[in-house]
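# Structure assessment
The primary structure of each chain is shown beneath.
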Amino acid sequence: EPEVTQTPSHQVTQMGQEVILRCVPISNHLYFYWYRQILGQKVEFLVSFYNNEISEKSEIFDDQFSVERPDGSNFTLKIRSTKLEDSAMYFCASSVPGTGMISSPLHFGNGTRLTVT
Amino acid sequence: GQNIDQPTEMTATEGAIVQINCTYQTSGFNGLFWYQQHAGEAPTFLSYNVLDGLEEKGRFSSFLSRSKGYSYLLLKELQMKDSASYLCAPKEDSSYKLIFGSGTRLLVRP
């Protein structure tokens, strides 16, 4: 079964450094998402992406974050200047368009655990 | 905006049945998803309801009442591997994203 893949699985970085988290969504999916989950907390929406542009973003997704689809397969999340509070698990997800009134589920990758020291 | 309410924790015995409730308020509604998340892992899709009633899928069933803003996930013949968090996610009709509740952490005991 096709799956969303994320690299790296773990990333350790120093405060103030830039990090890029990478994702390969499922090939026929059109909608891409980033979520994060701080340890012990809920899964939080960051941003959705469709047709090469941001569709929606949350208040968390401020100017230090950016997303890009640099080619036909990768989808990246860049954190420009990391802070200690950016330490979390970052999940990429993708979905196909729904049909009629039926919505399509999001399929999640295994996540990248980001630790900012 | 959305408001999602689930119990924080539940405990049940292996082989038993457990019902996890979710109440929600959304701006528009286009179905409700349930996901399972084991500790340290990604959420995985369990079920989707868009019409009122019960959807059954093996040991798992999900119920929806749109007028009451209420859903439940029913897990039968509990197994130890069912120990996980269960996330309720109602979907707004104007959006493709899912917003998750805080989840219900289920502990299955022998």
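Okay, so let's go over this structure.

Cut-offs used in this document
Residues numbered from 1 in each chain as written. Chains lettered and ligands numbered in written order. Predicted model: local features only at pLDDT ≥ 70, side-chain atom pairs only at ≥ 80, totals over all residues. Heavy atoms only, no water. Pairing = 2+ DSSP bridges. Helix = DSSP H or I, 4+ residues; strand = E, 2+ residues; numbered from the N terminus. Axes fitted to C-alpha atoms, helices over the stretch in contact; angles between N-to-C directions. Contact = heavy atoms within 4.5 Å. Buried area = accessible area lost by both parts, 1.4 Å probe. Salt bridge = Lys/Arg side-chain N within 4 Å of Asp/Glu carboxyl O. Core = buried A, V, L, I, M, F, W, Y, C linked by side-chain atoms within 4.5 Å. Buried < 20%, exposed > 50% of the residue type's maximum accessible area, 1.4 Å probe, protein only. Phe/Tyr/Trp six-rings, centres within 6.5 Å; stacked < 30°, edge-to-face > 60°. Lys NZ or Arg CZ within 6 Å of the ring centre and 35° of its normal.

## Side note on the sheet that holds strand 8 (residues 75-79) of chain A
Residues and elements named next belong to chain A.
- Strand order across the open sheet formed by four strands is 1-3-8-7, with antiparallel pairing between neighbours. Whereas interior strands pair on both sides, the edge strands pair on one side only; in this sheet they are strand 1 (5-7) and strand 7 (65-68). Mean inter-strand twist for the sheet, computed between neighbouring axes without regard to direction, equals 20°.
- Relative to strand 8, strand 7 runs antiparallel, the two sharing four bridges. Bridging from a neighbouring strand, Phe65 pairs with Ile79 of strand 8.

## Quick word on the interface of chain A and chain B
- Taken together, the contact pairs 20 residues of chain A with 22 residues of chain B.
- Both faces considered, chain A and chain B share a buried interface measuring about 1,800 Å² in area, 61% of it formed by carbon and sulfur atoms.
- The interface formed by chain A and chain B contains one salt bridge.
- When the shortest N-O distance is used, the salt bridge between Glu56(A) and Lys97(B) registers 2.7 Å.

## A few points about the nonpolar core
- Ranked by internal contacts, the top residues of the largest apolar core, which has 22 residues, are Trp34(A), Leu46(A), Phe61(A), Val67(A), Phe75(A), Leu77(A) and Tyr90(A).
- Elements represented by at least two residues in this core include exactly strand 3 (19-24), strand 4 (31-37), strand 5 (44-50), strand 7, strand 8, strand 9 (88-95) and strand 11 (112-116) of chain A.

## Describing unusual backbone geometry
- Here Thr7(A) and Pro8(A) are connected by a cis peptide whose omega angle stands at -10°.
- With respect to the helices, strands and loops of the structure, Pro8(A) is situated in the loop between strand 1 and strand 2 (10-13).

## Here's the deal with the packing of aromatic side chains
- In total, this model carries 22 aromatic pairs over all chains according to the counting rule given.
- Both rings, one in Tyr35(A) and one in Phe100(B), keep their centres 5.8 Å apart while their planes meet at 65°; by these two values the pair is edge-to-face. Of the two residues, Tyr35(A) is situated in strand 4 and Phe100(B) in the loop between strand 9 (84-90) and strand 10 (104-109); the pairing between them involves two chains. For the pair Tyr35(A) and Phe100(B), one class covers both residues: buried.
- The interplanar angle of 85° and the centroid separation of 5.4 Å between the aromatic rings of Tyr35(B) and Phe100(B) together place this pair among those described as edge-to-face. A residue pair is termed long-range when its members are at least 10 positions apart, and Tyr35(B) in strand 4 (residues 32-37) and Phe100(B) in the loop between strand 9 and strand 10 qualify at 65 residues. In terms of burial, Tyr35(B) and Phe100(B) fall into one category: buried.
- The structure contains a cluster of three or more aromatic residues connected by ring pairs, namely Tyr33(A), Tyr35(A), Phe45(A), Phe91(A), Phe108(A), Phe33(B), Tyr35(B), Phe45(B), Tyr48(B) and Phe100(B).
- The aromatic ring of Phe45(A) is capped on one face by Lys97(B), whose charged end is 5.6 Å from the ring centroid.

## A short note on the sheet that holds strand 4 of chain B
Residue and element names in this part refer to chain B.
- If you trace the five strands from one edge of the open sheet to the other, you get 2-10-9-4-5, paired in mixed fashion. Looking along the sheet, the strands with just one partner apiece sit at the ends: strand 2 (9-13) and strand 5 (44-49). Pairs of neighbouring strands in the sheet enclose a mean axial angle of 25°, with direction left out of account.
- With five bridges joining them, strand 2 and strand 10 adopt parallel strand pairing. Within strand 10, the residue paired with Ala12 across the bridge is Val108.

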